[in-house]
Amino acid sequence: MERGLMVRIVTDSSSLYSVKEGQANGIIVAPLTVTINGKTYKENEEINTKEFIDIINEGHIPMSSQPAIGEVVDIYDNYPEDEIINISMGDGLSGTYNSACMAREMGKNPERIHVIDSQTLCGPHKYLVDLAVALSKLNKSKNEIISELDEAIKNTKSFLIPNDFDYLVRGGRLSPLVGKIGSVIKLVPVMTLSEDKKSLVKFTTKRTFKKAIQKICEEMIEDNVSSDFKIYISHACKEELAEDAKNIILGYIGNADIETRLLGPAFTTQGGPGCVAIQYIKKHKVLQ
């Protein structure tokens with residue numbers, strides 16, 4: 001590739017970008033899909049989070065899946081001569097990474113395509129995509145961008161507070177017995193990514209949402225989180241809880257850089273309606 005030509009950035013909608021928002025920011029987005037009440041939708045394109053939760057509340061159980069391999073192959077083949085970096089939702093958290101890799105092998109000139117396992121999702125995933133775009137605009141090469149992303153991936157952490165134990169039980173995150181006990185005594189579970197970043201594991205259990213956020217804040221302090229980090233609070237139609245979380249965090253880290261986002265239907269399938277995710281990633285100098 002000649003210097004001066006931008007690398008094309010591809011991602012999936014775990015990055016919290018819709019197709020339209022992606023286009024406005026120079027990003028090509030492959031939407032994740034959700035299935036509910038016998039119908040399958042591309043998230044944020046054919047159904048939004050509120051509409052999705054309304055159907056869940058009618059008693060229907062949702063499922064989610066990665067973008068169709070054929071659609072990803074088409075994205076790659078739309079730019080047969082360009083170098084491409086596909087920043088995928090974390091491997092193990094979804095089949096999206098493996099699908100993106102399979103699509104690479106099926107596309108034209110696969111050697112020009114590099115798929116990155118972000119080892120995360122949602123807020124930090126969005127940050128990595130934004131970083132890749134910023135580096136591309138600075139005419140950084142594909143290898144230079146990959147190197148910077150690999151370094152940024154090392155400095156991120158995620159927490160999930162589900163609103164309903166049933167979603168953790170259904171996803172295999174908790175045993176049915178523990179889930180039933182937790183629901184009866186109204187505990188607030190906090191999940192985090194495992195050490196290998198491939199699954200959600202229990203971080204702590206608290207009596208109240210406030211105490212759960214305070215425990216996360218203690219972890220932030222231990223990780224030396226400051227204004228040098230970007231903090232994301234994402235929610236599944238629970239704006240008031242997200243605002244409460246923001247205020248508690250600001251009480252611990254007064255100069256915190258916090259961005260609040262609405263989760264898409266696919267992640268709502270995993271965390272359940274009303275879930276809240278707290279995530280942070282160390283800022284790169286290009287985005288400071």
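Just so we're clear, the structure is a prediction, and the values are computed from it rather than from any experiment.

Caption draft 1: Inspection of the packing of helix α3 (residues 69–77) against helix α4 (residues 96–106) at higher detail. The geometry of α3 relative to α4 is characterised by a closest axis approach of 9 Å and an angle of 50° between their N-to-C directions. One way to sum up the angle between α3 and α4 is to call them oblique. The crossing of α3 and α4 is right-handed. Contacts from Ile69, Val72, Val73 and Tyr76 of α3 reach α4 at Ser99, Ala100, Met102, Ala103, Arg104 and Met106. Classifying every residue of the contact of α3 with α4 by side-chain character gives eight nonpolar, one polar and one charged.

Caption draft 2: Seen up close, the side chain of serine 158. Relative to the helices and strands, serine 158 resides in strand β8 (residues 156–161). Here glutamine 279 takes part through its side chain, which lies 3.0 Å from a polar atom of the side chain of serine 158. Other than its neighbours up to four places away in sequence, serine 158 contacts Thr120, Pro124, Met191, Thr192, Leu193, Ile278 and Gln279.

Caption draft 3: Representation of α3 in the model. Taken together, the buried positions of α3 are occupied by Val72, Val73, Ile75, Tyr76 and Asp77. Looking at the buried side of α3, the elements it contacts are β1 (8–12), β2 (27–30), β6 (84–88), α4 and β7 (113–117).

Caption draft 4: Quick peek at the pairing of β8. For β8, the tally of buried residues reaches five of six residues, placing the bulk of the element in the interior. Summarising the sheet, β8 and strand β13 (residues 276–282) pair through six bridges and their orientation is antiparallel. When the sheet's bridge partners are listed, leucine 160 is paired in β13 with alanine 277. Strand direction decides the pairing type here: β8 and strand β9 (residues 188–193), joined by two bridges, are antiparallel. Its bridge partner being in β9, leucine 160 is matched across the sheet by methionine 191.

Caption draft 5: How the structure looks around the domain arrangement of the protein chain. Parsing the protein chain into structural domains produces domain 1 (8–32 + 67–154) and domain 2 (156–282). The C-alpha-based centres of domain 1 and domain 2 are spaced at 25 Å. With 17 residues of domain 1 in contact, the opposing surface of domain 2 contributes 19 residues. Here domain 1 meets domain 2 over a buried area of about 1,600 Å², counting both sides, of which 60% is carbon and sulfur.

Caption draft 6: Quick look at the nonpolar core. Core analysis: the biggest nonpolar cluster contains 25 residues, and Ile213, Met220, Ile249 and Ile278 have the highest contact counts within it. Those elements that provide at least two residues to this core are β8, β9, α9 (209–222), β11 (229–235), α10 (239–252) and β13. If near-sequence neighbours (up to four positions away) are discounted, methionine 220 is found in contact with Val225, Ile231, Ile249, Ile253, Ile278 and Tyr280. Ranked by size, the runner-up nonpolar core spans 23 residues in total, among them Ile55, Ile56, Leu121 and Leu193.

Caption draft 7: Expanded view of the pairing of β13. With six of seven residues buried, β13 lies mostly within the body of the structure. Here seven bridges tie β11 to β13, and the two strands are oriented antiparallel to one another. Each bridged residue has a counterpart across the sheet, and for tyrosine 232 the counterpart in β13 is glutamine 279.

Caption draft 8: Spotlight on the side chain of serine 118. Topologically, serine 118 is positioned in the loop between β7 and α5 (122–137). Looking at serine 118, the relative accessible area reads 0%, which means it is buried. Among the polar contacts listed, one links the side chain of serine 118 to the backbone oxygen of serine 88, at a separation of 2.7 Å. Beyond its immediate sequence surroundings of up to four residues, serine 118 is in contact with Ile87, Ser88, Met89, Gly90, His125, Leu128 and Ile153.

Here is what the cut-offs are and how they apply
Residues numbered from 1 in each chain as written. Predicted model: local features only at pLDDT ≥ 70, side-chain atom pairs only at ≥ 80, totals over all residues. Heavy atoms only, no water. Axes fitted to C-alpha atoms, helices over the stretch in contact; angles between N-to-C directions. Helix = DSSP H or I, 4+ residues; strand = E, 2+ residues; numbered from the N terminus. Parallel < 35°, antiparallel > 145°, perpendicular 65-115°, else oblique. Left-handed = near helix turned anticlockwise from the far one by under 90°. Contact = heavy atoms within 4.5 Å. Nonpolar A, V, L, I, M, F, W, Y, C, P; charged D, E, K, R; others polar. Polar contact = N/O pair within 3.5 Å; in protein donor to acceptor, adjacent residues only side chain to side chain. Buried < 20%, exposed > 50% of the residue type's maximum accessible area, 1.4 Å probe, protein only. Pairing = 2+ DSSP bridges. Domains from an automatic or database assignment. Buried area = accessible area lost by both parts, 1.4 Å probe. Core = buried A, V, L, I, M, F, W, Y, C linked by side-chain atoms within 4.5 Å.

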